[in-house]
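# Geometric and topological summary
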Amino acid sequence: MQKKQSIAVYPGSFDPVTYGHLDIIHRAAKQFDTLVVAVLNNAKKNPLFTVEERKVLLHQATRHLPNVEIDSFHDLLTNYMNSKNAQIIVRGLRAVSDFEFELQMASTNRKLNEDVETFFMMTNPQYSYLSSSIVKEVAKYDGTVTDLVPKEVEKALREKYNYLQK
Ligand code: ADP
């Protein structure tokens, strides 16, 4: 009998993708047959990048990973999981401060669909301080983000902030 294909979804804002996210993506892609990186389309978060822009940046950063797919969703995550036939949610944990929110999310998702399991991956200590918000803050004030995000993201940040300042 053929083994069931494991399909995992890594949901998030990715506004924009950082080396912290990419570290999780690389590691998760080794564990599952398919990893879908799903950009949450949530205008309430007042994102800097549009969903399309975030997807393009993710595509560029993951093009060397054949089992990684980039997508977006605006629905409830558990509905989206069903539509992708996916059983696993991947989330990253940085500090204790992430824990409370992640526990609430994982418990809610379990309540909504008990076949869906959330897998947590510990941050690479090298990136434990890294978040999209920090990256935006640094770029906004012209600091260097070279060690925090891929080149394409750095370029996109520069363009965005120059554009916003006009
Ligand atoms: P969200 O708004 O859903 O938290 P983010 O794009 O900020 O979206 O994060 C998506 C996921 O990636 C979350 O599980 C978050 O904890 C994880 N993550 C973000 N940055 C890092 C990092 N530096 N190391 C490990 N996990 C991270």
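Our structure is the block above this text.
Report follows, based on the coordinates. (Residues numbered from 1 in each chain as written. Predicted model: local features only at pLDDT ≥ 70, side-chain atom pairs only at ≥ 80, totals over all residues. Heavy atoms only, no water.)

Once that is clear, we can look at the nonpolar core. Nonpolar side chains in soluble globular proteins generally cluster together in the buried interior. Within the largest apolar cluster, 36 residues are counted, with the highest numbers of intra-cluster contacts made by Ile25, Leu35, Val37, Val90 and Leu157. Sorting elements by how many residues they give to this core places helix 1 (residues 19-31) first, with 5 residues. Dropping the residues within four chain positions of it, Ile25 is found in contact with Tyr10, Leu35, Val37, Leu58, Thr62, Leu65 and Val68. Residues Ala38, Phe73, Leu77 and Val116 belong to the second largest nonpolar core, which totals 11 residues. (Core = buried A, V, L, I, M, F, W, Y, C linked by side-chain atoms within 4.5 Å. Buried < 20%, exposed > 50% of the residue type's maximum accessible area, 1.4 Å probe, protein only. Helix = DSSP H or I, 4+ residues; strand = E, 2+ residues; numbered from the N terminus. Contact = heavy atoms within 4.5 Å.)

Attention shifts here to empty space enclosed by the protein. One pass over the full model with this rule turns up 1 cavity of 30 Å³ or more. Here the largest cavity defines a volume of roughly 40 Å³. Along the walls of the largest cavity sit Leu77, Ile89, Arg91, Glu102, Met105, Ala106, Asn109 and Thr118, which together make up its complete lining. Contributions of two or more residues to the lining of the largest cavity are made by strand 4 (88-93) and helix 4 (96-112). The element that contributes the greatest number of residues to the lining of the largest cavity is helix 4, accounting for 4 residues. (1 Å grid on protein atoms, 1.4 Å probe; cavity = no way out; pocket = protein on both sides within 12 Å on 5 of 7 lines; lining within 4 Å. Points joined across faces, edges and corners; volume = space filled by probe spheres on them.)

Read across the open sheet, the 5 strands follow the order 3-2-1-4-5; overall the sheet is parallel. Lying at the two open borders of the sheet, with one neighbouring strand each, are strand 3 (68-73) and strand 5 (117-122). Ignoring which end each strand starts from, the neighbouring axes of this sheet average 30° apart. Pairing of strand 4 with strand 5 involves 6 bridges; the strand directions are parallel. Within strand 5, the residue paired with Ile89 across the bridge is Thr118. Contacts from helix 1 reach strand 1 (7-12), strand 2 (34-40), strand 3, strand 4 and strand 5 within the one sheet, and its direction differs from that of strand 5 by about 120°. Relative to strand 3, helix 2 (residues 51-62) is tilted by about 170°, and along the sheet it contacts strand 2 and strand 3. (Pairing = 2+ DSSP bridges. Axes fitted to C-alpha atoms, helices over the stretch in contact; angles between N-to-C directions.)

Here we take up unusual backbone geometry. Each neighbour pair has its own omega, and for Asp15 with Pro16 the value is 0°, a cis peptide bond. The phi angle at Phe14 is positive, at roughly 45°, despite the residue not being glycine. Examined against the element boundaries, Phe14 turns out to sit in the loop between strand 1 and helix 1. Even without glycine at this site, Asn85 takes up a positive phi of about 60°. Within the fold, Asn85 resides in the loop between helix 3 (77-84) and strand 4.

For the rest of this paragraph, the subject is a nonpolar patch on the surface. Judged by side-chain polarity, Val96, Phe99 and Leu103 come together as a nonpolar surface patch covering roughly 330 Å² of accessible area. Relative to the elements of secondary structure, Leu103 occurs in helix 4. (Patch = residues over 30% accessible without salt bridge, like charges linked within 9 Å, V, L, I, M, F, W, Y side chains within 5 Å. Areas by Shrake-Rupley, 256 points an atom, 1.4 Å probe, with all protein chains shown as cover. Salt bridge = Lys/Arg side-chain N within 4 Å of Asp/Glu carboxyl O.)

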